[in-house]
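Descriptive structure summary
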Amino acid sequence: MQTSPAHAVHHGDREIETLEEFDAVVSSRGTLSGFRVQAVDLTDRTRELLGTDTAEAVFLGCRMRPDAAEKLRTDGALVLPPVPGLPFDPYRGHLYTPGDLFASLDKGYEATPDALAYAWFRRTGASGDIFASMLRAVHDDSMSDTLDELLRGARVVGVMGGHAMARGTEEFRGAARLGRALSHAGFTVATGGGPGAMEAANLGAYAAPYDDDMLDEACELLSAAPSFTPSITDWARTAFEVRTRWPQGNHSVGIPTWFYGHEPPNAFASHIAKYFANATREDGLLARCNAGVVFLPGAAGTVQEIFDNTTPNYYRSRGEPTPMVLVDRSHWTEKLPAWPLLRSLARERPMEARIALVDRIEEAPEALKRLGG
């Protein structure tokens, strides 16, 4: 899941997302013509910009000196300057880290970039302002582009489940053990990036390099703040205490949304693609789970995810159906009987051999393997 400095160039998509990539392209090719330079601070690269061909290049949110910008436009480049006053960068060329979203947590969650972006979204979301809508769309497209680059070639298993699963419970520990087992099996764990079951699965993946005692101790530390209510600040601080004590965690992906901004992102996903548009986020999350999805007990959001995933499997619109494992027979046949409907839809179709219902979370990895994940 690590990307090299010249990652974008190696894949031929002509995107430059870091200063290192910029320097490498200028040095090796001597031209920026046709390249897309995304959210790179070029203030100290004026000499290179003035002396390099930039015809038909596009500069998205790059800081630069006025004389450099004028020269680029004269060359025929498109220069879209940074947008002042935003709590996020719509042209961002990298996924978020927990440190990015929770910066300034020492001043309280309300001061963090995550909270400020949600506040901006609430102010502008219902205004009908076309400029704000455009900024949200550009940001979300940047997230998708970067997520695709990160996951290229990875075997991704999604873990879906409700945000209400409390730290300190056996259910939380079980979801963490699931994330750890999937990571040990070589999968990239992807979740909705929020609290509850999502945090537990990301925690489990994070804990993969450590022994069982570490995971038990981490769950015990987290139980001091069982939920993100009433205090997101306390909830997040305990997570960063775990990260500080065990700093060498494994990678996983979280894909949350500011549409549910009252639910904060969890701090255990190493790569976070946070979206404004929930529909884009939901479809993108499930579409990238190419090795299957495990559905833990949840409510309306998890039910929606089950059938969002069912539709392309039913129609084979993304190719061969991918495995779907529902965990907790009682929950999915009695409390929220999604399983009977899923089984009926799958009958006599290729996806019938790719669905399973298991009683216990410990059975999920074997079920995935059995289904071909």
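Structure: above.
Read on for a plain summary of the structure. Computed from a predicted structure; not experimentally measured.

The next subject is the sheet that holds strand S1 (residues 15-16). On the basis of which strands lie adjacent, the open sheet formed by four strands has the order S1-S2-S3-S4 and parallel pairing. The outermost strands of the open sheet, each flanked by one partner alone, are S1 and strand S4 (78-80). Two strands pair when backbone bridges link them, and strand S3 (residues 58-60) and S4 are joined in this way by three bridges, in the parallel orientation. For Leu 60, the partnering residue across the bridge sits in S4 and is Leu 80.

With parallel pairing, the seven strands of this open sheet are ordered in space as S8-S7-S6-S5-S9-S10-S11. Strands at the two margins of the open sheet, each flanked by one partner only, are strand S8 (271-272) and strand S11 (355-358). Where strand S6 (residues 188-191) and strand S7 (residues 253-254) come together, two bridges link them in parallel fashion. Bridge pairing links Thr 191 to Gly 254 in S7.

Estimates place the volume of the largest pocket at around 500 Å³. Around the largest pocket, the lining comprises 25 residues; the ones closest to its centre are Gly 161, Gly 162, His 163, Gly 301 and Thr 302. Within the residue set of the lining of the largest pocket, elements represented by two or more residues are helix H12 (278-287), helix H13 (300-315) and helix H14 (329-335). For the lining of the largest pocket, the element with the highest residue contribution is H13, accounting for five residues. Class assignment for the residues of the lining of the largest pocket results in nine nonpolar, 11 polar and five charged.

Another point: the pattern of salt bridges. Going through the model one piece at a time under the given rule, you end up with 18 salt bridges. In this structure, the salt-bridge partner of Lys 274 is Asp 114, at a minimum N-O distance of 2.7 Å. Highlighted residues: Lys 274 in the loop between S8 and H12 and Asp 114 in helix H6 (residues 113-124), separated in sequence by 160 residues. Of the residues examined, Asp 114 reaches a relative accessible area of 0% and is grouped as buried. Notably, a salt bridge pairs Arg 177 with Glu 170, separated by 2.6 Å at the nearest N-O pair. The network of salt bridges with shared partners includes Glu 170, Arg 177, Arg 360, Glu 362 and Glu 363.

A cluster of nonpolar side chains, contributed by Ile 130, Phe 131 and Met 134, occupies part of the molecular surface with about 320 Å² of accessible area. With respect to the helices and strands, Ile 130 occurs in helix H7 (residues 130-151). You can call Ile 130 exposed: its relative accessible area is 67%.

Going through the model one piece at a time under the given rule, you end up with 12 aromatic pairs. Both rings, one in Tyr 314 and one in Tyr 315, keep their centres 4.9 Å apart while their planes meet at 80°; by these two values the pair is edge-to-face. A connected cluster of aromatic rings, assembled from ring pairs, spans Phe 88, Tyr 96, Trp 120, Phe 121, Trp 258 and Phe 276. Of note, Arg 155 hangs over the ring of Phe 187, and the distance from its end group to the ring centre comes to 4.6 Å. Taking NZ or CZ as reference, Arg 349 lies 3.8 Å from the ring centre of Tyr 314, over its face.

Procedures and definitions
Residues numbered from 1 in each chain as written. Predicted model: local features only at pLDDT ≥ 70, side-chain atom pairs only at ≥ 80, totals over all residues. Heavy atoms only, no water. Pairing = 2+ DSSP bridges. Helix = DSSP H or I, 4+ residues; strand = E, 2+ residues; numbered from the N terminus. 1 Å grid on protein atoms, 1.4 Å probe; cavity = no way out; pocket = protein on both sides within 12 Å on 5 of 7 lines; lining within 4 Å. Points joined across faces, edges and corners; volume = space filled by probe spheres on them. Nonpolar A, V, L, I, M, F, W, Y, C, P; charged D, E, K, R; others polar. Salt bridge = Lys/Arg side-chain N within 4 Å of Asp/Glu carboxyl O. Buried < 20%, exposed > 50% of the residue type's maximum accessible area, 1.4 Å probe, protein only. Patch = residues over 30% accessible without salt bridge, like charges linked within 9 Å, V, L, I, M, F, W, Y side chains within 5 Å. Areas by Shrake-Rupley, 256 points an atom, 1.4 Å probe, with all protein chains shown as cover. Phe/Tyr/Trp six-rings, centres within 6.5 Å; stacked < 30°, edge-to-face > 60°. Lys NZ or Arg CZ within 6 Å of the ring centre and 35° of its normal.

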